[in-house]
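Each chain is listed here by its residues.
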Amino acid sequence: MANFKNLFGEEQEYQCLSCDIANHKIIPPGGYIYEDDFINVSADPEIPIEGFVVLGVNKHVKSLCDFTDEERNRIMEVLNKTIQVIKREGISKEVFLIQEETSQHFHIWIVPTHEWMNNVGKDVRNLQKIIDYSKDRVTEKSLKEIVTTIEKIKKGFLEVQEK
Ligand SMILES: [Zn+2]
């Protein structure tokens, strides 16, 4: 068991965070943006960046190479849709995408860029600094905005057609 502090400052225990989110043992902030029997999209549970969402899969595998072609296509469809929604809802014009095979369970971080990131350098190489900056400056008001943004993304997800 490991634990982390969620967006709202509550300690949460987990075995595998991605499995626990997929199995509803840990409910992500604002609930699920999208889920089906293969894939899920939800707000990052820990880092207070507006519109930061995680694309997760329900099976416990590590690498993009561990999926069937059909599954990989599905990942791309949902990834594309998520980015489209972030842009369409005016959350950001561009995103960082991060996938680390060093994590035991495949997931993709989708991090919208924001103006304030220029304070530390809006560059993926500064991601740790960006995360620290977001945590240092979190307020009740910014948390509310994050939750409102999750709702926007959820709503946008229902409106954007998949191709
Ligand atoms: Zn897992």
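Residues numbered from 1 in each chain as written. Predicted model: local features only at pLDDT ≥ 70, side-chain atom pairs only at ≥ 80, totals over all residues. Heavy atoms only, no water.

Engineer: Where do I start with the side chain of H105 in this structure?
Structural biologist: Along the chain, the position of H105 falls in the loop between β6 (95-98) and β7 (107-112). Taking relative accessible area as the criterion, H105 reaches 1% and is therefore assigned buried. Dropping the residues within four chain positions of it, H105 is found in contact with C16, S18, C19, V57, N58, K59, H60 and V61. (Helix = DSSP H or I, 4+ residues; strand = E, 2+ residues; numbered from the N terminus. Buried < 20%, exposed > 50% of the residue type's maximum accessible area, 1.4 Å probe, protein only. Contact = heavy atoms within 4.5 Å.)

Engineer: Would you mind going over the coordination of the zinc ion with me for this structure?
Structural biologist: Coordination angles at a metal have ideal targets, namely 109.5 degrees for four tetrahedral donors and 90 or 180 degrees for six octahedral donors. Protein coordination of the zinc ion is provided by C16 (SG), C19 (SG), H60 (ND1) and H105 (ND1), with donor distances spanning 2.0 to 2.3 Å. Here the zinc ion binds four donor atoms, and the angle range of 104 to 118 degrees at the metal identifies the geometry as tetrahedral. Spacing between the donor residues of the zinc ion along the chain follows C-x2-C-x40-H-x44-H. With C19 in helix α1 (residues 17-22) and H105 in the loop between β6 and β7, the pair connects residues that are 86 residues apart, well separated along the chain. With a relative accessible area of 18%, C19 lands in the buried category. (Donors = N, O, S within 2.8 Å, 3.2 Å for Na, K, Ca; no water. Tetrahedral: all angles 85-135°; square planar, octahedral: opposite > 155°, others 65-115°.)

Engineer: Can you help me understand the nonpolar core in this one?
Structural biologist: If you look at soluble globular proteins, the nonpolar side chains tend to sit buried side by side. Counting 27 residues, the largest nonpolar core has L55, I75, I110 and I153 as the members making the most contacts within it. The greatest single-element share of this core, amounting to six residues, is contributed by helix α2 (residues 69-88). Leaving out residues up to four positions away in the same chain, I75 has contacts with F38, I39, L55, V57, L64, F67, F106 and I108. (Core = buried A, V, L, I, M, F, W, Y, C linked by side-chain atoms within 4.5 Å.)

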